[in-house]
Amino acid sequence: MSTAIDIVGVSKRYGTLTALDDVSFSVRQGEFFALLGPNGAGKTTLISALAGLARQDEGTIRVMGHDTVHDFRDARMALGVVPQELVFDPFFTVRETLVFQSGYFGIKRNDAWIDELLFKLGLTEKANANMRALSGGMKRRVMVAQALVHRPPVIVLDEPTAGVDVELRQSLWDFVQELNDAGHTIVLTTHYLEEAETLCGRIAMLKRGRLIALEPKEKLLAQSAGREVALKLSGPLPAALEALKTREEDGRQVLALAEPAALETVLAAVREAGLEVRDLTLVETDLETVFVNMMRGSRTA
Amino acid sequence: MINFTGFYTLFRKELLRFWKVAFQTVAAPVLTALLYQLIFAHVLENHVEAYPGVSYTAFLIPGLAMMSMAQNAFANGSSSLIQSKVTGNIVFILLPPLTALEFTAAYLLAAVCRGLLVGAGVLAVTAAFGLPWPTHPLWALVFAALGCGVLGSLGIIAGIWAEKFDQLAAFQNFIIMPLTFLSGVFYSIASLPPLWRAVSHANPVFYMIDGFRYGFFGQADVSPWLSLAVVGASFVALASLALRMIGSGYKLRH
Ligand SMILES: Nc1ncnc2c1ncn2[C@@H]1O[C@H](COP(=O)(O)OP(=O)(O)OP(=O)(O)O)[C@@H](O)[C@H]1O
Ligand SMILES: [Mg+2]
């Protein structure tokens, strides 16, 4: 059995609002998977259904082969979730919080792993501090530790780097990468697209509750508008090239290139119009561009 | 297969939660009960003898103890749940593999512990007013535990149902307070006019107090078996309701 998460035909409605609309996809074991989408797309709702925090109206979800409704114990044992909202119990210290969390998962003595988690997440010095006394970023780290106390094979992080400084973000990703290398399946949502781009293998995009893309990162990047070229010319853009123009950026005309060879045609047209190229840069497509195009595209669709 | 460690951990967490603020959760209600005892005993001592050979001051003690137990057993689960819901940290107990039974039992048992602790405290500080050694200690213990169980279940129900602190406060003020005060804490209902007697007879808290009193004095307004039946049935009904609410995810899993 090699699927970590199997989502089949999941729909969820809140009154008249359809938060999830017939979503289906699978995540393989060992994958580093990103779930992207604008605010309100349904990412958290999907994660909530996965974790049993919400109940889908239709469809089934399995985690490591265990149905999240009928076999919820095994499904939850296999899953570690870092919720999006920053929440904590102000009555307890960091260590107490982690000892309790281990206990809920049926683990009695977990001190060695808790110490390791504290160390990896830079919390060793705060182990005996009250949760209330931690900064927001530190609370977030405790939430990550809480999700990992039972060493779940599948780890879901819902915007774990929101409100976290650059240094921690880096060390957090190093840690998550390490977990992935050790065989854990990772699913994350983030609004920092460069994070998804550098870390993830496959990417799913949600929009208004619907799955609008599900591709390996490279394919997603490749199949988008292709490359672009930004040109600074000695005169106005020749009429022949108007059709390719996507935008203007500080005095440069940005043209879309269907394929790298199209650059030849562009330069030929410039020469023909008797113009000179003052500056030329090739713009690499990044996930952000793909994302924006996708979200724009499916609105008109 | 039962996640016993999960249940026990949640129970311990709930114990620690009130124990860390025991000054408010245990000492304060004991002090309140002591004040009632001082005032009512002083005002009414020479006026009534509740049962033959039982002074009003002595009569008052088990009632006050049971009332304090009931209110605190209710407060424990309800305030813990509403706080966890409002602050959102309830997710940390919704994510683990805890069944409805483990979840409910942990909250219920912690509520009973708090109730019994407060009850013991009230008895300890008021015993000097002439409380006899219980004639039927086992009856007293059974009613104390079951009474806390009834109100503990009600606390869980209220804590799950309420979405805001003021809804819980309303539940407390309009249901729990009247139930506990109109229960014969301060008087034998034999002394009441018929209408009020009927009202008291419809109140399960009356049977808790009456049964608890029977444990101390060997006499009461109604038979301890009747009280046991009413309190036992209330416990089974309310505990099952709490269990079903948690099992269905009502207001917890959206
Ligand atoms: N408990 C709820 N009751 C009613 N509507 C809800 C509830 N939870 C979510 N929604 C709605 O469902 C939709 C999807 O919300 P969701 O939180 O899943 O979005 P998201 O993709 O996680 O967004 P973000 O990036 O802002 O976190 C939104 O329109 C939201 O208002
Ligand atoms: Mg979200």
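Cut-offs applied
Residues numbered from 1 in each chain as written. Chains lettered and ligands numbered in written order. Predicted model: local features only at pLDDT ≥ 70, side-chain atom pairs only at ≥ 80, totals over all residues. Heavy atoms only, no water. Helix = DSSP H or I, 4+ residues; strand = E, 2+ residues; numbered from the N terminus. Buried < 20%, exposed > 50% of the residue type's maximum accessible area, 1.4 Å probe, protein only. Contact = heavy atoms within 4.5 Å. Lys, Arg positive; Asp, Glu negative; His and termini not counted. Charge placed at Lys NZ, Arg CZ, Asp CG, Glu CD. Donors = N, O, S within 2.8 Å, 3.2 Å for Na, K, Ca; no water. Near = heavy atom within 4 Å. Polar contact = N/O pair within 3.5 Å; in protein donor to acceptor, adjacent residues only side chain to side chain. Areas by Shrake-Rupley, 256 points an atom, 1.4 Å probe, with all protein chains shown as cover. Nonpolar A, V, L, I, M, F, W, Y, C, P; charged D, E, K, R; others polar. Core = buried A, V, L, I, M, F, W, Y, C linked by side-chain atoms within 4.5 Å. Axes fitted to C-alpha atoms, helices over the stretch in contact; angles between N-to-C directions. Parallel < 35°, antiparallel > 145°, perpendicular 65-115°, else oblique. Left-handed = near helix turned anticlockwise from the far one by under 90°. Arc of directions from axis to C-beta. Phe/Tyr/Trp six-rings, centres within 6.5 Å; stacked < 30°, edge-to-face > 60°. Lys NZ or Arg CZ within 6 Å of the ring centre and 35° of its normal. Salt bridge = Lys/Arg side-chain N within 4 Å of Asp/Glu carboxyl O.

**Re the overall build of chain A**
When its secondary structure is counted, chain A shows 10 helices and 14 strands. Seen along its three principal axes, the alpha-carbon backbone of chain A occupies a region of about 80 × 45 × 35 Å. For chain A, with 301 residues in total, the buried portion stands at 50%. Here the contacts in chain A between residues at least 6 apart in sequence split such that 69% fall between residues at least 24 apart. Considering chain A, the positive charge centre built from 34 side chains and the negative charge centre built from 41 side chains are found 5 Å apart.

**Here we look at the coordination of the magnesium ion (ligand 2)**
Under perfect tetrahedral coordination by four donors, a metal shows angles of 109.5 degrees; under perfect octahedral coordination by six donors, it shows angles of 90 or 180 degrees. Residues and elements named next belong to chain A. For the magnesium ion (ligand 2), every protein donor is listed as Thr44 (OG1) and Gln84 (OE1), and the spread of their distances is 1.9 to 2.1 Å. Of this pair, Thr44 sits in helix H1 (residues 43–51) while Gln84 sits in the loop between strand S6 (79–82) and helix H3 (94–104), and the two are 40 residues apart along the sequence. What makes Thr44 partly exposed here is its relative accessible area of 31%.

**Looking at the site of ligand 1**
Residues and elements named next belong to chain A. In the vicinity of ligand 1, 14 residues are found, and the nearest of them are Asn39, Gly40, Lys43, Thr44 and Thr45. In this structure, Ala41 approaches ligand 1 through a main-chain N or O atom, which is 3.1 Å from an oxygen atom. Within the side chain of Lys43, an N or O atom sits 2.7 Å from an oxygen atom of ligand 1. Expressed as a share of its isolated accessible area of 630 Å², the protein-covered part of ligand 1 is 65%. Elements represented by at least two residues in the shell around ligand 1 include exactly strand S2 (17–28) and H1. Looking at the shell around ligand 1, its residues break down into 5 nonpolar, 7 polar and 2 charged.

**Concerning unusual backbone geometry**
Unusually for a residue other than glycine, A:Arg151 sits at a positive phi of about 45°. With respect to the secondary-structure elements, A:Arg151 resides in the loop between helix H5 (136–148) and strand S7 (154–158). Positive phi values are uncommon outside glycine, yet B:Lys251 reaches one of about 60°. Here B:Lys251 lies in the segment after helix H10 (224–248).

**Details of the nonpolar core**
Across soluble globular proteins, nonpolar side chains show a tendency to be buried alongside one another. Residues A:Leu36, A:Met205, A:Leu287, B:Leu151 and B:Phe212 are the most contacted members of the largest nonpolar core, which totals 161 residues. The element contributing the most residues to this core is helix H3 (residues 56–87) of chain B, with 15 residues. In contact with A:Leu36, other than residues within four places in its own chain, are A:Lys43, A:Thr190, A:Leu193, A:Ala196, A:Ile203, A:Ala204, A:Met205, A:Leu206, A:Leu287 and A:Phe291. In this structure, A:Val229, A:Leu241, A:Leu255 and A:Leu263 belong to the second largest nonpolar core, which totals 12 residues.

**Examining the packing of helix H6 (residues 137–161) of chain B against helix H9 (residues 204–217) of chain B**
Working note: a packed helix pair is described by the angle between its axes plus the distance between those axes. All names here are of chain B. Running from N to C, H6 and H9 cross one another at 160°; their axes reach a closest spacing of 7 Å. Considered as vectors, H6 and H9 are oriented roughly antiparallel to each other. As for the relative orientation of H6 and H9, their crossing is left-handed in sense. Only Val205, Tyr207, Met208, Gly211, Phe212, Tyr214, Gly215 and Phe216 of H9 make contact with H6, whose side of the interface consists of Pro137, Trp139, Ala140, Phe143, Ala144, Gly147, Val150 and Leu151. Per-class residue counts for the contact of H6 with H9 are 13 nonpolar, 3 polar and no charged.

**A closer look at helix H4 (residues 111–120) of chain A**
For an α-helix, the turn length of 3.6 residues means that residues three or four places apart are oriented alike. Residue and element names in this part refer to chain A. Three or more residues of H4 are buried, namely Trp113, Ile114, Leu117 and Leu118. In a view along the axis of H4, the buried residues occupy a sector of 140°, so they form one face of it. For H4, the exposed residues set more than 90 degrees away from the buried face come down to Ala112 and Phe119. Those residues of H4 that are buried lie in contact with H3, H5 and helix H6 (166–181). After H4 finishes, the residue Gly122 shows a positive phi value of roughly 65°.

**Observations regarding the packing of aromatic side chains**
Residues and elements named next belong to chain B. Summed over the entire model, instances satisfying the criterion amount to 22 aromatic pairs over all chains. On the numbers, 6.3 Å between centres and 10° between planes, the contact of Phe7 with Phe11 is stacked. Of the two residues, Phe7 and Phe11 are both situated in helix H1 (residues 4–19); the distance of 4 residues between them amounts to about one turn of the helix. Aromatic side chains Phe40 and Phe186 sit 4.5 Å apart centroid to centroid with 25° between the ring planes, which places their arrangement in the stacked category. Highlighted residues: Phe40 in helix H2 (residues 22–44) and Phe186 in the loop between helix H7 (165–181) and helix H8 (194–201), separated in sequence by 146 residues. With relative accessibility at 11%, the residue Phe186 sits in the buried group. Ring pairing ties together the aromatic residues Phe4, Phe7, Tyr8 and Phe11, which thus form one cluster. Note that Arg114 overlies the ring of Phe18, its terminal NZ or CZ placed 5.9 Å from the centroid. Over the ring of Phe59 we find Arg213; its NZ or CZ atom is 3.6 Å from the centre of that ring.

**What about the pattern of salt bridges?**
Residues and elements named next belong to chain A. Taken as a whole, this structure holds 14 salt bridges over all chains when the rule is applied. For Asp279, the salt bridge goes to Arg252, with nearest N and O atoms at 2.4 Å. Here Asp279, found in strand S14 (residues 277–283), pairs with Arg252, found in strand S13 (residues 252–257); they are 27 residues apart in sequence, far enough to count as distant. On the accessibility criterion, Asp279 (27% relative accessible area) is partly exposed. When salt bridges with common partners are traced through the structure, they connect Arg28, Glu31 and Arg202 into a single cluster.

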